[in-house]
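# Structural characterization, general
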Amino acid sequence: MSTRVMPSVRPLRDRPAWRALEKHYGELRATHLRELFAADETRGERMVAEGAGLYLDYSKNRITDETLGLLEALAEQSGVADRIEAMFTGERINVSENRSVLHVALRMPRSASLIVDGVDVVRQVHEVLDRMAAFSDRVRSGEWRGHTGKAIRNVVNIGIGGSDLGPVMAYEALRHYTTREMTFRFVSNVDSTDLVEATRDLVAEETLFIVSSKTFTTLETMTNAHSAREWALAGLGGEESAIAKHFVAVSTNAEKVTEFGIDTNNMFGFWEWVGGRYSMDSAIGLSTMLAIGPERFHELLAGFHAVDEHFRGAPFGQNLPMLMGLLGVWYGDFFGAQTVGVMPYEQYLKRFPAYLQQLTMESNGKHVTLAGRPVEYETGAIYWGEPGTNGQHSFYQLIHQGTKLIPVDLIAFAKTLNPLGDHHDLLMSNVFAQAEALAFGRTEQEVRAEGGPADVVPHRVMEGNRPTNVILAEELTPWTLGSLVALYEHMVFTQGVVWEIDSFDQWGVELGKALAVRIIPELKNEDEPELHHDSSTNALIRRYRAMR
Ligand code: G6Q
C-alpha cells in the first residue's frame with residue numbers, strides 16, 4: 001500500500017549547507033568568471049557533465065568547486081535521493097492531492113514492472129500504448145475510414161494546458177519525422193477564433209478530432225469539443241452516428257466521455273498519477289503518435305527513460321538534472337535572480353520555452369511548504385525564451401547589459417536536420433559567441449582599443465559575468481526530445497525537494513477554473529443581473545454587457 005510521504009528534514013534555512021552557502025555567496029558574489037577561468041585552465045573541460053546523449057557545459061556559472069560541494073551537500077541534506085526513490089516507487093509524494101507521481105512509469109520498458117496498490121502500472125501503460133499504436137497504424141495507413149468512407153487527412157487535438165502544450169510542442173519539435181500527408185492542428189483557447197481558424201480550410205469527412213482532457217470537465221476543452229461536434233455534424237449530413245468515426249477521447253474519465261457521445265472503445269486512458277504537465281508521453285501524446293508513428297513514439301519514450309535512469313543513478317557531479325536544479329536554487333535564492341531564459345538554437349524547438357513555462361512555473365510556483373507553512377525563501381523562477389538567434393536581435397540586450405541577472409540555458413545540436421550551405425555553422429557560432437560574451441563581456445580597455453568616440457565607451461562596455469548552461473546534443477530526434485523534456489522534469493523535481501514544496505499540485509490554476517464559472521451566468525443572462533463582486537468587477541461586467 002503506498003503511503004503519503006512527508007520528508008523529515010530540517011527547514012531549508014536551518015540546513016548546514018544552506019548556511020554555508022549564505023556565507024560562501026558573500027565571498028563569491030564579487031568574483032568574475034574571467035577570474036575563475038584564468039585561475040583554472042581546465043575549467044571548461046572539467047565542469048561538464050554527460051548523460052543520456054546530452055552534454056552539459058556548466059563551467060560558465062558563477063561557481064567554484066566549493067560551491068558545487070555545498071550544493072551537493074544541500075541536495076543530500078534536503079533528502080533528494082530519498083525523494084527520488086519515493087517518486088519512482090509510487091509513494092504519494094503529491095501530498096496536497098494525496099497522489100502518487102508516476103510519469104516515470106509512462107516510459108518504463110515493457111519488461112519492467114512497478115506494483116502500486118497491487119496493480120502493475122507498467123503493464124497498464126503498455127496496454128494503452130498498444131491500443132494507441134493499433135489505432136495510429138489504422139489511421140495513418142488509411143484503413144480507418146470516416147463516416148463517408150474517406151481516409152483521415154486532418155487531426156485536430158482539442159485540449160488545454162497540460163493536454164495541449166506537450167502535444168503542440170512535440171508536434172513542432174518532431175515535424176521532421178511527421179507524415180506530411182496529414183495536417184495537424186491544435187485548439188486550446190475558448191476564444192472561438194482558435195477553433196474557427198483551425199477548421200476553416202478542413203473537410204469534416206477527412207477530419208478526426210482528439211478530445212484530450214484528463215478530467216473531461218474543463219470548460220475550454222468541453223466548449224471547443226461541443227462546437228467541433230456541431231461543425232463535424234454540419235459537414236457530415238447531421239447524422240449522430242457519424243461522430244464515432246470522427247471523435248476519439250483521451251481521458252481518465254470514462255463516464256464523462258460516454259456522456260459526450262464518444263464510444264469508450266475509442267477512448268485512450270491514463271491515470272490520476274499522471275499530472276497534466278507531465279502527460280505528453282501518456283495517451284495525451286496520441287496526436288504525436290499519429291504524426292510520427294508508433295515506432296518513433298517509442299523512441300521518444302526511450303529518451304525519457306534514459307534520463308530517468310541517469311537521474312536515479314548518476315552521482316551528483318555528473319547528474320544533469322540535479323546540477324541544473326541546484327544551480328537554479330543558487331541563482332534564485334542567493335543571487336536573487338527572478339527569471340531563467342531558455343533559448344533553443346533549433347527552430348523546431350520554437351514551442352519548447354512555452355512548454356517549459358508550464359512545467360517549471362506550474363510545478364514550482366508555490367508559497368507554502370509540504371506541511372503548509374509559508375516558505376521563507378524564493379521558490380520557482382519565471383521561465384521564458386525564444387529560439388535563437390531571433391532573441392539576439394531583440395531582448396538579449398537586457399541580458400547582456402541590463403541591471404538584472406538572468407541565467408540562460410542555451411540548447412543546441414551538432415547536426416541540423418535540414419543541411420543548407422553553411423547555415424548550421426553560422427547558427428552554432430552564435431551559440432558559442434553568446435555564451436562567451438555573456439561570461440566574459442568586453443572591458444573598457446578592450447572597447448578603447450577598438451577606437452571610436454570616448455564618450456560612447458561606457459555604453460559599449462559589457463560587464464559579463466552572466467551565467468549560462470550550454471546543452472549540446474547530437475541531433476534533434478524523438479529520443480533527444482524525450483531526454484530534454486525529462487531533464488527539465490527532474491530539474492524541477494530536484495528544486496521542489498530542496499524547497500520542500502509540492503511540485504505536483506496546481507491550486508492556483510484550479511481557482512481560475514472555478515472563478516470564471518461563477519461569472520458566466522452574469523454575462524449570459526438576458527436580464528440585468530444583480531452583481532455582488534467588488535466595484536471594479538461589477539463595473540467591467542456592466543460595461544461589457546452594454547458594449548457587446
Ligand atoms: C497541468 C494542469 C492543467 C491541466 C489543464 C487541462 O498540470 O493541471 O494545465 O492540464 O487544466 O486539464 P484537463 O486535461 O483535465 O482538461
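Data block above holds the structure.
Right, let's get into the overall build of the chain. Broken down by element type, the chain carries 22 helices and 13 strands. In terms of principal-axis extent, the alpha carbons of the chain reach across some 75 × 60 × 60 Å. Considering only intrachain contacts with a sequence separation of at least 6, the fraction spanning at least 24 residues in the chain is 74%. About 23,900 Å² of surface is accessible on the chain, with carbon and sulfur atoms providing 51% of the total. Taking the 52 positively charged and 73 negatively charged side chains of the chain as two groups, their mean positions are separated by 3 Å.

Sheet architecture is open: 5 strands sit in the order β6-β5-β7-β8-β9, paired in parallel fashion. Edge positions in the sheet fall to β6 (183-187) and β9 (267-269), since each of these pairs with one other strand and no more. Each strand of the sheet is rotated relative to its neighbour by a mean of 20 degrees, with strand direction disregarded. Two elements, strand β5 (residues 154-158) and β6, share 5 bridges in a ladder whose sense is parallel. From the neighbouring strand, V155 faces β6, where its bridge partner is F184. Contacts from helix α6 (residues 121-141) reach β7 (207-212), β8 (247-251) and β9 within the one sheet, and its direction differs from that of β9 by about 150 degrees.

It is worth spelling out helix α14 (residues 320-335) at this point. With 16 residues, α14 should reach 22 Å at 1.5 Å per residue; the first-to-last C-alpha distance of 21 Å fits that figure. Here α14 lies mainly inside the structure; 15 of its 16 residues are buried. With its phi angle positive at about 75 degrees, G336 sits one or two positions after the end of α14.

The next point concerns the packing of aromatic side chains. Per the stated rule, a full pass over the model turns up 24 aromatic pairs. Judged by centre distance (6.1 Å) and plane angle (55 degrees), the ring pair of W18 and Y377 falls under tilted. Residue W18 is found in helix α1 (residues 16-28), and its partner Y377 is found in the loop between α15 (352-364) and β11 (382-384); the two are separated by 359 residues along the sequence. Accessibility classification places W18 together with Y377 in one group, the buried group. With 5.3 Å between their ring centres and 40 degrees between their planes, Y171 and F184 make a pair best called tilted.

For the rest of this paragraph, the subject is the nonpolar core. W330, F352, L481 and Y488 are the most contacted members of the largest nonpolar core, which has 127 residues in total. In terms of residues, this core owes the most to one element, helix α20 (residues 478-499), which gives 12 residues. The contacts of Y488, once residues within four sequence positions are left out, are M324, V342, F352, L356, L359, D409, I411 and I471. Core analysis: the next-biggest nonpolar cluster, separate from the first, contains 24 residues, A198, M222, V257 and F260 among them.

Looking now at the sheet that holds strand β12 (residues 408-413). Overall, mixed pairing links the 6 strands, which are arranged β1-β2-β13-β12-β10-β11 in an open sheet. In this open sheet, the two strands that pair with only one neighbour each are β1 (48-51) and β11. Within this sheet the neighbouring strands show an average axis-to-axis angle of 15 degrees, counted without direction. Each of β10 (339-344), β11 and β12 is contacted by α15, which is oriented at about 165 degrees to β11, the strand it contacts most.

Before going further, it helps to examine the site of the ligand. Looking at the ligand, there are 14 residues lining it, with S163, S213, K214, T215 and T218 nearest. At 2.7 Å from an oxygen atom of the ligand is found a main-chain nitrogen or oxygen belonging to K214. Look at the ligand: alone it shows 410 Å² of surface, and the protein chains cover 92% of it. Among the residues making up the shell around the ligand, the classes are represented as 1 nonpolar, 9 polar and 4 charged.

Should their charged atoms come close, side chains of opposite charge can pair. Applying the stated criterion across every chain, the model contains 31 salt bridges. Notably, a salt bridge pairs E500 with R15, separated by 3.1 Å at the nearest N-O pair. Of the two residues, E500 is situated in the loop between α20 and α21 (507-524) and R15 in the segment before α1; the sequence distance between them amounts to 485 residues. Taken as a pair, E500 and R15 share a single burial class, namely buried. Overlapping salt bridges bring together R107, D281, D308 and E489 as one network.

Here we take up the packing of helix α13 (residues 294-313) against α20. The geometry of α13 relative to α20 is characterised by a closest axis approach of 7 Å and an angle of 35 degrees between their N-to-C directions. Along this stretch, α13 crosses α20, giving a crossing that reads as right-handed. Between α13 and α20, the residues in contact are R296, E299, L300, A302, G303, F304, A306, V307, D308 and F311 and P478, W479, L481, G482, S483, V485, A486, L487, E489, H490, F493 and T494, respectively. Looking at the contact of α13 with α20 residue by residue, the class counts come to 13 nonpolar, 5 polar and 4 charged.

Relative to each other, α13 and α14 sit at 70 degrees, their axes nearing to 8 Å. In terms of axis orientation, α13 runs roughly perpendicular to α14. Only L320, P321 and M322 of α14 make contact with α13, whose side of the interface consists of V307, H310 and F311. Residue classes in the contact of α13 with α14 are distributed as 5 nonpolar, 1 polar and no charged.

Once that is clear, we can look at the pairing of β8. The element β8 is extensively covered by neighbouring structure, given that 5 of its 5 residues are classed as buried. Burial along β8 is two-sided: the face carrying F247, A249 and S251 and the face carrying V248 and V250 are both buried. Across 4 bridges, β7 lies against β8 in parallel orientation. Bridging across to β8, F209 finds its partner in F247. Sheet topology note: the β8/β9 ladder contains 3 bridges and is parallel.

The rules behind the values
- Residues numbered from 1 in each chain as written.
- Predicted model: local features only at pLDDT ≥ 70, side-chain atom pairs only at ≥ 80, totals over all residues.
- Heavy atoms only, no water.
- Helix = DSSP H or I, 4+ residues; strand = E, 2+ residues; numbered from the N terminus.
- Contact = heavy atoms within 4.5 Å.
- Areas by Shrake-Rupley, 256 points an atom, 1.4 Å probe, with all protein chains shown as cover.
- Lys, Arg positive; Asp, Glu negative; His and termini not counted.
- Charge placed at Lys NZ, Arg CZ, Asp CG, Glu CD.
- Pairing = 2+ DSSP bridges.
- Axes fitted to C-alpha atoms, helices over the stretch in contact; angles between N-to-C directions.
- Expected span 1.5 Å × (residues − 1).
- Buried < 20%, exposed > 50% of the residue type's maximum accessible area, 1.4 Å probe, protein only.
- Phe/Tyr/Trp six-rings, centres within 6.5 Å; stacked < 30°, edge-to-face > 60°.
- Core = buried A, V, L, I, M, F, W, Y, C linked by side-chain atoms within 4.5 Å.
- Near = heavy atom within 4 Å.
- Polar contact = N/O pair within 3.5 Å; in protein donor to acceptor, adjacent residues only side chain to side chain.
- Nonpolar A, V, L, I, M, F, W, Y, C, P; charged D, E, K, R; others polar.
- Salt bridge = Lys/Arg side-chain N within 4 Å of Asp/Glu carboxyl O.
- Left-handed = near helix turned anticlockwise from the far one by under 90°.
- Parallel < 35°, antiparallel > 145°, perpendicular 65-115°, else oblique.

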